[in-house]
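Here is how the chains run, residue by residue.
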Amino acid sequence: MSRSNELYQQVILDHNKNPRNYRALEGSDVLVCEGHNPLCGDHITVYLDLDANGTVNDLGFQGNGCAISKASASMMTAYLKGKSLAEVKTIFSEFHDMVRGEFDPASRENHLGKLTLFQGVKEYSSRIKCASLAWHALMGALDKQQSATTEE
Amino acid sequence: MPDTSAPTRPKPVLDIKSQFPVLTRDFGGMALHYLDSAATTQKPVEVIDAMDRFYRESYGTVRRGVYRLSEKATAAYENTRKQVAGLINAASEREIIYTSGTTQSINLVAYSWGGKFLKAGDEIILSQIEHHANIVPWQIIAERMGAVIKVIPVDDSGTLIMDEYKKLLSERTRIVAVNHVSNALGTVNPVKEIARLAHQAGPGGKGAIVLIDGAQSIAHMAVDVRDLDADFYAFSGHKMFGPTGIGILYGKLPILESMPPYQGGGDMIMRVTFAKTTYQAPPHRFEAGTPPIAEVLGLGVAVDWLRRTGLDKINAHEHALLEYGTAVLQDVPGLKLIGTAPGKGAILSFTLDGVHPHDIGTLLDEDGIAIRAGHHCAQPTMDRFGVPATARASIGPYNDATDLDALAKGLRRIGEMFR
Ligand SMILES: Cc1ncc(COP(=O)(O)O)c(C=O)c1O
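Given the structure is predicted, the values throughout are model-derived calculations rather than measurements.

(A) Broad picture of the sheet that holds strand β3 (residues 56-64) of chain A. Residues and elements named next belong to chain A. Read from one edge of the open sheet, 4 strands run β3-β2-β1-β4, paired in mixed fashion. With one partner strand each, in any of the chains shown, β3 and β4 (147-149) form the two edges of the open sheet. Within the sheet, the average angular offset between the axes of one strand and its neighbour, ignoring direction, is 25 degrees. Where strand β2 (residues 42-50) and β3 come together, 8 bridges link them in antiparallel fashion.

Laid out in structure tokens, this is it:
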């Protein structure tokens, strides 16, 4: 398989074309954060609705981005529904390390499930930030920030 | 089914790919289709060898040493100034300032000239299709001096609307800064006319100053700063087949003489005491510190290469390919060209329905095709055309029709993949 076939798998292309949860959430409790990638100007807004126990009730996103950032946002929103705050944080950190090539999901048990599809991103240093854009926006929302960037 | 309407490949004006080591090396059995010359050009072997030879055989500092190595290096270093002056038909090599690139050249003018001459309420005119390097320095100095920035709009083809420009010119106009060729769209701006009109405006009608960002023109067309009547002309070595880290600011001597230093340090002074320091005349007044010596020598060789290859030939070669590339890209389903100004330079900016430019860039790389994807450091241009980014193929004298065929083929494949 060529490098890019590994990255642009059918699932990713499908999420790009038919993104799940591509909508704004309404409500005064909804946390909203816009993530920016200053390298390319792409931006994705994440909407997060937590219930009283801190479990993810609902997630949505909107914005403009490449297939990688859109598919990542789509799969993230689908995957995290029903997860607890602690789980979300663990998954974020595993995902973040995986796309940067610092964590190989095959090396130990993890909580990434289908998200391991994004493993191929580590081969593309210029695309790592695309895959993590929505995640940074999500972490920003949890921190009650209105905006977040992929530059740490 | 034979396609009789397929565009015919142009007969190449130049055949110089073999002079560029990167373009002829083997990338795992794949050829490199380099279509990113607007970002930076590849280097002919002469330039690479000259710099290598300098480091191996005759390296020494300039304008300080009294030993022979340094004297020889100094002579070669100053000779590049003459070569550059010749290339752009400057009146004197004293009008040629070494900088680190276009960005620093523009910052030098903004800080030194702008910091001295701009007053509250003065106006700076830019175009809507500038590189951030010709926007941000002006915003910084405008804020500091209380000056105001005005913007010349473009029409849907990416052509400056000259009637709007005329309306912007006034007694308050102090400087007009525009690019000669837009890096995002390829538009060739009528800079001679822009300068003529600017020189009739300004305080008391005594003339506003004109800075031309020549980053995208210098290696692709003959430039005559005196014919254009440019007050400043800025460009980068790395976009004209020379090394990185070296650029040029051309400025008319009387204007340069009226300007204070941009940075302080060694080499730019006449005499330093703690009570008072006096400065060198231009160009050295603006060149503080040990310069990039090998890069200056490399630039001299690049200028020589450019002149020998012939800017007219380069221009003709690239234009034939631009025409061919336009035709083959227009046949790609869902492709839209952004920037269609008449007489534009060899830059093809485009979008492909349903595919983000970054995905195009990553996927074309798989076929050995190097293009740029993004906002091209020209976000206001992207905003004008209502796109976050474009994909951009830019043509150099070493390209040929096969590069554009590969591009069109790759784009068709990507289009299908995303359908
Ligand atoms: C039109 C234009 N102006 C300015 C620049 C900045 O040049 P440099 O990065 O070499 O300083 C570029 C390069 O991208 C350009 O295309």
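(B) Molecular detail of the pattern of salt bridges. Residue and element names in this part refer to chain A. Under the definition given, this model contains 26 salt bridges over all chains. Between Asp58 and Arg23 there is a salt bridge, and its shortest N-O distance comes to 3.2 Å. Here Arg23 lies in the loop between α2 (10-17) and β1 (31-37) and Asp58 lies in strand β3, a separation of 35 residues in the sequence. Close ionic contact of Arg100 with Asp97 constitutes a salt bridge, the shortest N to O distance being 3.4 Å. Overall, Arg100 belongs to the partly exposed group, its relative accessible area being 36%. Relative accessible area serves as the criterion here: at 26%, Asp97 is assigned to the partly exposed category.

(C) View of the environment of A:Glu151. Residue and element names in this part refer to chain A. Inspection of the secondary structure puts Glu151 in the segment after β4. Along the sequence, Glu151 and His136 sit 15 residues apart, while their C-alpha atoms lie 9.4 Å from each other. Setting aside residues no more than four positions away along its own chain, Glu151 makes contact with Pro38, Leu39 and Lys129.

(D) Focus on the interface of chain B and chain A. Counting residues at the interface gives 14 residues for chain B and 21 residues for chain A. For the pair chain B and chain A, the summed buried surface comes to about 1,400 Å²; carbon and sulfur atoms form 52% of the total. When residues of chain B are sorted by the area they lose upon contact with chain A, B:His358, B:Thr362 and B:Glu366 head the list and together hold 32% of the total. Counting across the chain B and chain A interface gives 1 salt bridge. Note that A:Arg127 and B:Asp359 form a salt bridge whose closest N and O atoms lie 2.8 Å from each other.

(E) Fine view of the site of the ligand. All names here are of chain B. What surrounds the ligand is the set Gly101, Thr102, Thr103, His131, Ala133, Asn183, Asp213, Ala215, Gln216, Ser236, His238 and Lys239. His131 has a polar side-chain atom sitting 3.1 Å from an oxygen atom of the ligand. At 2.5 Å from a nitrogen atom of the ligand is found a side-chain nitrogen or oxygen belonging to Asp213. Burial of the ligand by the protein chains amounts to 85% of its free accessible area of 400 Å². The residue inventory of the shell around the ligand, partitioned by class, reads 2 nonpolar, 8 polar and 2 charged.

(F) Structural view of the nonpolar core. Core analysis: the biggest nonpolar cluster contains 76 residues, and A:Ile68, A:Phe118, B:Ile360, B:Leu407 and B:Leu411 have the highest contact counts within it. Residue contacts for A:Ile68: discarding those within four places in its chain leaves A:Leu7, A:Tyr8, A:Ile12, A:Phe118, A:Val121, A:Arg127, A:Cys130, A:Ala131 and B:Asp359. Counting 73 residues, the second largest nonpolar core, distinct from the first, contains B:Ile125, B:Met162, B:Leu168 and B:Ala198.

(G) Inspection of the side chain of B:Asn179 at higher detail. Residues and elements named next belong to chain B. Positionally, Asn179 belongs in strand β5 (residues 173-179). You can call Asn179 buried: its relative accessible area is 2%. Polar side-chain contacts of Asn179 include one of 2.9 Å to the backbone oxygen of Ile129. Asn179 has contacts with Ile129, Glu130, His131, Asn134, Asn189, Val191, Ile212 and Asp213, leaving out every residue within four places of it along the chain.

(H) Structural view of the environment of A:Ser147. Residue and element names in this part refer to chain A. By the element assignment, Ser147 lies in strand β4. You can call Ser147 partly exposed: its relative accessible area is 44%. Separated by 100 residues in sequence, Ser147 and Tyr47 have C-alpha atoms that sit 12 Å apart. If near-sequence neighbours (up to four positions away) are discounted, Ser147 is found in contact with Cys33, Glu34 and His36.

(I) Seen up close, the packing of helix α11 (residues 311-330) of chain B against helix α14 (residues 401-418) of chain B. Residues and elements named next belong to chain B. In the contact formed by α11 and α14, the axes pass within 10 Å of each other and the chain directions differ by 20 degrees. The angle between the axes of α11 and α14 places the two elements in the roughly parallel class. Both α11 and α14 take part in a crossing whose hand is right-handed. Packed against α11, whose contacting residues are Leu321, Tyr324, Gly325, Val328 and Leu329, the element α14 presents Ala401, Leu404, Asp405, Leu407, Ala408 and Leu411 at the interface. A class-by-class count of the residues in the contact of α11 with α14 yields 9 nonpolar, 1 polar and 1 charged.

(J) Structural detail: the side chain of B:Ser127. Residue and element names in this part refer to chain B. Mapped onto the elements of the fold, Ser127 is located in strand β3 (residues 123-127). Looking at Ser127, the relative accessible area reads 4%, which means it is buried. One polar contact links the side chain of Ser127 to the main-chain amide nitrogen of Ile129, over a distance of 3.1 Å. Here Glu130 takes part through its side chain, which lies 2.6 Å from a polar atom of the side chain of Ser127.

(K) Expanded view of the pairing of β1(A). All names here are of chain A. Of the two faces of β1, only one is covered, namely that formed by Leu31, Cys33, Gly35 and Asn37; the face formed by Val32, Glu34 and His36 stays uncovered. Looking at chain direction, β1 and β2 are connected through 7 bridges and run antiparallel. Note that in β2 the partner of Leu31 across the bridge is Leu48. From the end of β1 to the start of β2, which pair antiparallel, there are 4 residues, and Gly41 there has a positive phi angle of about 85 degrees.

(L) Main features of the domain arrangement of chain B. Residue and element names in this part refer to chain B. Per the domain assignment, the segments making up chain B are domain 1 (17-43 + 310-417) and domain 2 (49-308). Taken over C-alpha atoms, the centre of domain 1 sits 28 Å from the centre of domain 2. Listed per partner, the contact involves 38 residues of domain 1 and 35 residues of domain 2. Our enumeration of links across domain 1 and domain 2 arrives at 1 salt bridge. The interface formed by domain 1 and domain 2 contains 26 residue pairs in polar contact (both at pLDDT 80 or more). Contributing elements (two or more residues each) for the side of domain 1 that touches domain 2: α11, β12 (347-352) and α13 (379-384). Among the residues making up the side of domain 1 that touches domain 2, the classes are represented as 17 nonpolar, 15 polar and 6 charged.

What counts, and where the lines are drawn
- Residues numbered from 1 in each chain as written.
- Chains lettered and ligands numbered in written order.
- Predicted model: local features only at pLDDT ≥ 70, side-chain atom pairs only at ≥ 80, totals over all residues.
- Heavy atoms only, no water.
- Pairing = 2+ DSSP bridges.
- Helix = DSSP H or I, 4+ residues; strand = E, 2+ residues; numbered from the N terminus.
- Axes fitted to C-alpha atoms, helices over the stretch in contact; angles between N-to-C directions.
- Salt bridge = Lys/Arg side-chain N within 4 Å of Asp/Glu carboxyl O.
- Buried < 20%, exposed > 50% of the residue type's maximum accessible area, 1.4 Å probe, protein only.
- Contact = heavy atoms within 4.5 Å.
- Buried area = accessible area lost by both parts, 1.4 Å probe.
- Near = heavy atom within 4 Å.
- Polar contact = N/O pair within 3.5 Å; in protein donor to acceptor, adjacent residues only side chain to side chain.
- Areas by Shrake-Rupley, 256 points an atom, 1.4 Å probe, with all protein chains shown as cover.
- Nonpolar A, V, L, I, M, F, W, Y, C, P; charged D, E, K, R; others polar.
- Core = buried A, V, L, I, M, F, W, Y, C linked by side-chain atoms within 4.5 Å.
- Parallel < 35°, antiparallel > 145°, perpendicular 65-115°, else oblique.
- Left-handed = near helix turned anticlockwise from the far one by under 90°.
- Domains from an automatic or database assignment.

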